[in-house]
Amino acid sequence: MSILCSTALITVFKLFPRLGVDTFGAIVINYFVCVLAGGLYNGQLFDLGAPYMPYAFILGIIFISCFYAVGLTVRLFGITISSVLQKMSLLVSVPYAIIAFKEPAGSLKIIGLGLAFAAVLASNWPEKLAEGDSRKQERQQYLAQGGSLLLLWFFPIYSFSGSGLIEVLLQYVQQNILDDTQEESAAFTTAIFASAGLAGAVVYLYQLVSGKASWSWKNVGGGLALGIPNYFSIVFLLLAFNVWDKSVVLPINNISIVMATALLGLFFFRERLSKINYIGVLLAIFAILLMAYSQ
């Protein structure tokens, strides 16, 4: 269910340019839709005095700041590099799960993890290696407008490390703070999105007042479409941590999303897949089977 929700989320994102939806505005509204969904689903929002609240606040800030970093990474370095960096967060979260929770690291799991990394690279590999060069002018323009060289390289690094940190914190809180009930996982998820929504609203209001963004009801529709799958993608991921090893759940979750979105792009958005992209999808299937069997 987490994979299906995440795939639906990415599909909605793909539709935004065609429908003229401002992505950042829709993202901010989506966080409040997530809070509403959490209240309806759980019968309550969250407990401000709960032990998980400090972690929810930190995760909310990382969510919105990581999204901003990903957006700039796409602009300055291209969507391929951005996608690979986000999925390579497994390099942070999976070793953490194995070491922190003393999960087994058998040969099947290690081989499956290696195939997972290869699948992420191959599935995102562009048909022509011209994307990096096409973004060179964007980077030069960014620096010419007073942008910092340090920040230029900080954005892709933070896209990678921020995604990994989110997965590490989710594992830690699920293991050490939350009980095993669906209700507390849902309340924690609601608290995360409430924190992200408040932080995002401050930025979005500033953009509206300064004229850097404009209001559109399309953004509300986009936020509604994003909110439901976004909320449940986290709820179901936390519940999956109760069933399987976290070092298995995360790779299967990530590479299944890569595989599903690649196939959706092929069949519904008429996107072309190169031979190496098809190889990536096959590698993803083998990686999933190996890691599932390792359980």
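The structure presented is a predicted model; accordingly, all values stated were derived computationally and were not measured. (Residues numbered from 1 in each chain as written. Predicted model: local features only at pLDDT ≥ 70, side-chain atom pairs only at ≥ 80, totals over all residues. Heavy atoms only, no water.)

### Quick look at the overall build of the protein chain
On a plain count of helices and strands, the protein chain comes out with 13 helices and zero strands. Counted from the first residue to the last, the protein chain has its helices and strands arranged as α-α-α-α-α-α-α-α-α-α-α-α-α. What you see for the protein chain is a C-alpha radius of gyration of 19 Å, in line with the 19 Å of a compact globule of 295 residues. Principal axes of the C-alpha set define a box for the protein chain whose edges measure 50 × 50 × 40 Å. A buried classification covers 51% of the 295 residues belonging to the protein chain. On the protein chain, roughly 14400 Å² of surface is accessible, and the fraction owed to carbon and sulfur atoms is 69%. Counting 16 positive and 14 negative side-chain charges, the protein chain places the centres of these two groups 14 Å from one another. (Helix = DSSP H or I, 4+ residues; strand = E, 2+ residues; numbered from the N terminus. Rg over C-alpha atoms; globule rule 2.2 N^0.38 Å. Buried < 20%, exposed > 50% of the residue type's maximum accessible area, 1.4 Å probe, protein only. Areas by Shrake-Rupley, 256 points an atom, 1.4 Å probe, with all protein chains shown as cover. Lys, Arg positive; Asp, Glu negative; His and termini not counted. Charge placed at Lys NZ, Arg CZ, Asp CG, Glu CD.)

### Concerning the packing of aromatic side chains
Using the criterion set out here, one finds 17 aromatic pairs in the structure. Aromatic side chains Phe 24 and Phe 67 sit 6.0 Å apart centroid to centroid with 25° between the ring planes, which places their arrangement in the stacked category. Pair noted here: Phe 24 is in helix α2 (residues 23–42) and Phe 67 is in helix α3 (residues 53–77), with a separation of 43 residues, a long-range link. The buried category is assigned to Phe 24, whose relative accessible area is 12%. (Phe/Tyr/Trp six-rings, centres within 6.5 Å; stacked < 30°, edge-to-face > 60°.)

### Side note on the UniProt feature "transmembrane region" (unreviewed entry) in the protein chain
Using the residue numbers shown here, the UniProt feature "transmembrane region" (unreviewed entry) corresponds to residues 21–41, 53–77, 146–166, 186–209, 221–244, 250–269 and 276–294. As a span, residues 221–244 carries 83% helix and 0% strand, and end to end its C-alpha atoms are 36 Å apart. Across residues 276–294, helical content stands at 95% and strand content at 0%; the span's end C-alpha atoms are separated by 27 Å. (UniProt positions renumbered as here; feature names shortened; annotations may be inferred.)

### Remarks on a nonpolar patch on the surface
A cluster of nonpolar residues, Leu 143, Leu 149, Trp 153 and Ile 157, forms a patch on the protein surface that exposes about 410 Å² of accessible area. Mapped onto the elements of the fold, Trp 153 is located in helix α9 (residues 149–176). In this structure Trp 153 comes out as partly exposed when scored by relative accessible area, which is 46%. (Patch = residues over 30% accessible without salt bridge, like charges linked within 9 Å, V, L, I, M, F, W, Y side chains within 5 Å. Salt bridge = Lys/Arg side-chain N within 4 Å of Asp/Glu carboxyl O.)

### Structural notes on the packing of α2 against helix α10 (residues 182–210)
Running from N to C, α2 and α10 point in directions that differ by 150°, and their axes come no closer than 8 Å. Between α2 and α10, the angle falls in the class roughly antiparallel. Like other packed secondary-structure pairs, α2 and α10 cross with a definite hand, here left-handed. Split by residue class, the contact of α2 with α10 holds 16 nonpolar, eight polar and one charged. (Axes fitted to C-alpha atoms, helices over the stretch in contact; angles between N-to-C directions. Parallel < 35°, antiparallel > 145°, perpendicular 65-115°, else oblique. Left-handed = near helix turned anticlockwise from the far one by under 90°. Nonpolar A, V, L, I, M, F, W, Y, C, P; charged D, E, K, R; others polar.)

### Quick look at the pattern of salt bridges
Oppositely charged side chains can form a pair if their charged atoms are brought close together. Counted by the stated rule, this structure contains one salt bridge. With a shortest N-O distance of 3.4 Å, Lys 109 and Asp 245 are connected by a salt bridge. Of this pair, Lys 109 sits in helix α6 (residues 107–124) while Asp 245 sits in the loop between α11 (217–240) and α12 (246–267); the two residues are 136 residues apart in sequence, bridging distant segments of the chain. The class for Lys 109 is buried, based on a relative accessible area of 5%.

### Structural notes on the side chain of Ser 185
Relative to the helices and strands, Ser 185 is located in helix α10. Those residues within four positions of Ser 185 in sequence are excluded, and the remaining contacts are Leu 178, Leu 238 and Leu 239. (Contact = heavy atoms within 4.5 Å.)

### Side note on unusual backbone geometry
At Lys 102, a residue that is not glycine, the phi angle is positive and equals roughly 55°. Within the fold, Lys 102 resides in the loop between α5 (90–100) and α6.

### Overview of α5
Taken as a whole, α5 has its buried residues at Leu 90, Ser 93, Val 94 and Ala 97. Along the axis of α5, the buried positions cluster into a sector of 95°, meaning they face one direction only. At the C-terminal side of α5, Lys 102 shows a positive phi close to 55°. (Arc of directions from axis to C-beta.)

### Some details on the packing of α9 against α12
Where α9 meets α12, the axes come as close as 12 Å, and the angle between the chain directions of the two elements is 140°. Judged by the angle between their axes, α9 and α12 are oblique. Handedness of the α9/α12 crossing: right-handed. Note on element contacts: α12 touches α9 through Lys 246, Leu 250 and Asn 254, opposite Glu 167, Gln 171, Gln 174 and Gln 175.

### Here we look at the nonpolar core
Of all hydrophobic cores here, the largest spans 71 residues; its most connected members are Tyr 52, Leu 59, Phe 63, Leu 170, Phe 188, Phe 193 and Tyr 231. Aside from chain neighbours lying at most four places away, what touches Tyr 52 is Phe 46, Asp 47, Val 173, Ile 177, Leu 178, Glu 184, Ala 187, Phe 188 and Ala 191. Listed in part, the six residues of the second largest apolar core include Leu 72, Phe 77, Tyr 142 and Phe 155. (Core = buried A, V, L, I, M, F, W, Y, C linked by side-chain atoms within 4.5 Å.)

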